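Listed below are the residues making up each chain.
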Amino acid sequence: MSKLYFRETVSNQIFTQSPYNIREQSRIRNDQDGIFRNGGDQLIMELTHDSATGAYAGIFNVGLELR
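Described below are features of the structure shown in this document.

Conventions used here
- All chains use their own residue numbering, which begins from 1 and follows the written sequence.
- With pLDDT at 70 or above as the cut-off, local features in this predicted model cover only qualifying residues; side-chain atom pairs require 80 or more to be listed or tallied, and sums for whole chains, interfaces and linings still use all residues.
- The side-chain numbers reported here are obtained from all heavy atoms of the structure, hydrogens and water having been left aside.
- Secondary structure elements follow DSSP: runs of H or I no shorter than four residues count as helices, runs of E no shorter than two count as strands, and numbering proceeds from the N terminus.
- C-alpha atoms define the radius of gyration in this analysis, and the globule rule sets the expected value at 2.2 Å times the number of residues to the power 0.38.
- Partly exposed describes any residue whose relative accessible area lies between the buried limit of under 20% and the exposed limit of over 50%, with all areas from a 1.4 Å probe on protein chains only and scaled to the type maximum.
- By definition in these notes, contact holds between two residues if any of their heavy atoms fall within 4.5 Å.
- Only the protein chains shown count as covering a residue, and every accessible area follows the Shrake-Rupley method with a 1.4 Å probe.
- For the purpose of counting charges, residues Lys and Arg are taken to be positive, whereas Asp and Glu are taken to be negative. His and the chain ends are not included.
- One atom stands in for each charge, and that atom is NZ of Lys, CZ of Arg, CG of Asp or CD of Glu.
- Patch members must show over 30% relative accessible area and no salt bridge, and they are joined within 9 Å when carrying like charges or within 5 Å when they are nonpolar side chains of Val, Leu, Ile, Met, Phe, Trp or Tyr.
- What makes a salt bridge here is a side-chain nitrogen of Lys or Arg within 4 Å of a carboxyl oxygen of Asp or Glu, nothing more.

### Side note on the overall build of the protein
- In terms of regular secondary structure, the protein is built from two helices and two strands.
- When the helices and strands of the protein are placed in sequence order, the string is α-α-β-β.
- A compact globule built from 67 residues should have a C-alpha radius of gyration of about 11 Å, whereas the protein, at 14 Å, is more than 25% larger.
- The dimensions of the protein, computed from C-alpha atoms along their principal axes, are 45 × 30 × 20 Å.
- Residue burial in the protein is summarised as follows: out of 67 residues, 16% are buried.
- In the protein, once contacts between residues fewer than 6 apart in sequence are set aside, the share between residues at least 24 apart is 47%.
- By element, 51% of the accessible surface of the protein is carried by carbon and sulfur atoms, the whole surface being about 5700 Å².
- Distance between charge centres in the protein, computed from 7 positive and 8 negative side chains, equals 4 Å.

Following this line, the structure appears as structure tokens:
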């Protein structure tokens, strides 16, 4: 099992914005996530922020071994 992660600084910015800032459930930070603690730092998606639109964009290359 695997997931992609964002840097905490980006997550902190996103979770101050609507609709995420009205969540009743607290989020799990990277250092609290069991998968992240076992190599998740290699799965961080670097994002760029477009200040004109407020949108974030990122690219993450994935290699596949076909059999």
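### Here we look at a nonpolar patch on the surface
- Taken together, V62, L64 and L66 make up a surface patch of nonpolar side chains, about 400 Å² in accessible area.
- Tracing the backbone through its elements, the reader meets L64 in the segment after β2 (56-58).

### Focus on the environment of I14
- One can find I14 in helix α1 (residues 8-14).
- A sequence separation of 11 residues divides I14 from K3, and the C-alpha atoms of the two residues are 18 Å apart.
- With residues up to four places along the chain from it excluded, the contact list for I14 reads Y20 and Y56.

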